[in-house]
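Summary of structural features
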Amino acid sequence: MEYRELSIPGAWEITPRQFGDPRGVFLEWFKDAPFAERAGHALTLAQANLSVSAAGVVRGVHFADVPPGQAKYVTCVRGAVLDVAIDLRVGSPTFGRWDTVLLDDVDRRAIYLSEGLGHAFMSLEDGSTVTYLCSTGYAPDREHGVHPLDPELAIAWPTVGRDGGPLTPALSDKDAVAPSLADALAAGLLPPAADVAAYVESLRG
């Protein structure tokens, strides 16, 4: 299992070793010890989610108030998605920047997003199935969004799917009316980097 920290601190790409034989493939997509070595703390599992998305579906940008926030460990068990980590921590040197990982059923990578980061993905084919390990449970009063097509974020969403066909972003009603990054900042919705750092440090203690 190989970990690669993304250009957004607190986000990692995880590439598992796959063992194949005539019966199929086996792999470990999460292991506590190597995770704790990189993150500096164990992953608390409070909820596991699964979504199935048609080609072009965009989910996110989603984030939660910190503390406690919601860290996510995400993989795609069928199909393919472009997964995006966005730094929404006010005062962070990389605030407003993003990085991507291709999650698919070939390399079977995962991505970890720590507290304070925004999360979004686009499905690259019909039936793409994504599963998430979450550090906290769903709490609608603490959860927020930023519009995934915000020109200020300028996320480079794919325009061509896995089959070579064109992709058109499809958003939920909730995501379609999410504020821009600037409006979320002005409304005080985004987590301060200092609060995030203090909370993550408390997990390590």
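I will try to describe carefully the structure that is included in this document.

What counts as what
Residues numbered from 1 in each chain as written. Predicted model: local features only at pLDDT ≥ 70, side-chain atom pairs only at ≥ 80, totals over all residues. Heavy atoms only, no water. Helix = DSSP H or I, 4+ residues; strand = E, 2+ residues; numbered from the N terminus. Contact = heavy atoms within 4.5 Å. Phe/Tyr/Trp six-rings, centres within 6.5 Å; stacked < 30°, edge-to-face > 60°. Buried < 20%, exposed > 50% of the residue type's maximum accessible area, 1.4 Å probe, protein only. Pairing = 2+ DSSP bridges. Axes fitted to C-alpha atoms, helices over the stretch in contact; angles between N-to-C directions.

Okay, the environment of Val25 next. Structurally, Val25 can be placed in strand E4 (residues 24–27). When the C-alpha atoms of Val25 and Ala170 are compared, they prove to be 33 Å apart, with 145 residues separating the residues in sequence. With residues up to four places along the chain from it excluded, the contact list for Val25 reads Gln18, Phe19, Gly20 and Arg108.

Following the criterion strictly, the structure yields seven aromatic pairs and no others. Measuring from centroid to centroid gives 5.8 Å for Phe30 and Phe35, while their planes differ by 50 degrees, and the two rings are tilted. Residue Phe30 is classed as partly exposed on the basis of its relative accessible area, which comes to 25%. Residue Phe35 is classed as buried on the basis of its relative accessible area of 1%. One aromatic cluster is present, formed by Trp12, Trp29, Phe30, Phe35, Tyr73 and Tyr112 through successive ring pairs.

An order of E9-E8-E11-E6-E13 is seen for the five strands of this open sheet, with the pairing classed as antiparallel. Either end of the sheet is taken by a strand with one partner, and the two such strands are strand E9 (98–104) and strand E13 (143–145). Within this sheet the neighbouring strands show an average axis-to-axis angle of 25 degrees, counted without direction. Here strand E6 (residues 58–64) pairs with strand E11 (residues 117–123) via three bridges, running antiparallel. The residue bridging His62 from the neighbouring strand is His119, located in E11.

Most of E11 is tucked away, with seven of its seven residues classed as buried. Side chains of E11 alternate between two faces, with Leu117, His119, Phe121 and Ser123 and Gly118, Ala120 and Met122 buried alike. Note that strand E8 (residues 80–87) and E11 share seven bridges and pair antiparallel. Pairing of Asp83 across the sheet is with Phe121, part of E11.

Function cannot be inferred from these measures alone, as they are strictly geometric.
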